[in-house]
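What the coordinates show
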Amino acid sequence: MRKASKIVSIVAAILAFIACIEYLLMGVILLVCYNQFRELLQTLAEEMPSRLLQELLLYFYRMYRTTMITSFIYAFLCVFYGIILLTTLNSNSKGMYIFKIVFGVFMSRIGLVGAILGLVAHEREAARKVKEVEVIEK
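So, here's what we can say about the structure. Within each chain, residues carry numbers counting from 1 in the order of the written sequence. For a predicted model such as this one, the threshold for reporting local features is a pLDDT of at least 70, and the threshold for listing and counting side-chain atom pairs is 80 or more; totals across whole chains, interfaces and linings nevertheless cover every residue. Heavy atoms from the whole structure form the basis of all side-chain values; hydrogens and water molecules are not counted.

1. Comments concerning the packing of helix α2 (residues 34–47) against helix α3 (residues 51–87)
Running from N to C, α2 and α3 cross one another at 170 degrees; their axes reach a closest spacing of 9 Å. For the element pair α2 / α3, the angle class is roughly antiparallel. On α3, the residues that touch Y34, F37, R38, L41, L44 and A45 of α2 are Q54, L57, F60, Y61, Y64, R65 and M68. Inter-axis angles, ranging from 0 to 180 degrees, are taken between N-to-C directions of lines fitted to C-alpha atoms, where helices are fitted over the stretch in contact. Secondary structure counts use DSSP, requiring at least four H or I residues in a row for a helix and at least two E residues in a row for a strand, with both numbered from the N terminus. Working rule for angles: under 35 degrees goes down as roughly parallel, over 145 as roughly antiparallel, 65 to 115 as roughly perpendicular, anything else as oblique. Two residues form a contact once any of their heavy atoms are found within 4.5 Å.

Listed below in structure tokens is the structure:
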């Protein structure tokens, strides 16, 4: 089960790095087009007499800006998550598996599965060691 956990964690890390590239690309494209989009919305807002349509254009502007900022934040989080997944492949710490589970809930379901498999394998190994100690003591 530990081997499956490592394989799934490696796949999740690779997918996290690919997602990072996608988020960075999207953020850069949105950043490059930011001024043109803002000018377009200002031009449309000046030509529209309806207050409702102006508010709608303002909403689109805020949504565009938020998407741009969020894409850079997600890119950073994906890199962080990928590094965590790769650096903790050989970790045998219950706390690290729990950290990967919590982070996996927000970032990657595949990484979440890998962390759960690793935690189950860790618990089984701990139970097996306890049984071995009990047998030796008898």
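Back to the write-up after that little detour.
2. With respect to the environment of S5
In this fold, S5 is placed in helix α1 (residues 2–32). C-alpha of S5 to C-alpha of L89: the two residues are 84 residues apart in sequence and 8.5 Å apart in space. Sequence-distant contacts of S5, that is, excluding residues within four places in its chain, are made with G114, L117 and G118.

3. Some points on the packing of α1 against α3
The interhelical angle for the contact between α1 and α3, taken along N-to-C directions, is 155 degrees, at an axis separation of 8 Å. Our classification of the angle between α1 and α3 gives roughly antiparallel. α1 and α3 meet at a crossing whose hand is left-handed. For the contact of α1 with α3, a count of residues per class yields 24 nonpolar, five polar and no charged. Crossing handedness is defined as follows: a turn of the near helix away from the far one that is anticlockwise and smaller than a right angle gives a left-handed crossing, while the clockwise case is right-handed. Three residue categories are used. Nonpolar comprises Ala, Val, Leu, Ile, Met, Phe, Trp, Tyr, Cys and Pro, charged comprises Asp, Glu, Lys and Arg, and polar comprises the others, including Gly.

Keep in mind these numbers describe shape, not what the thing actually does.
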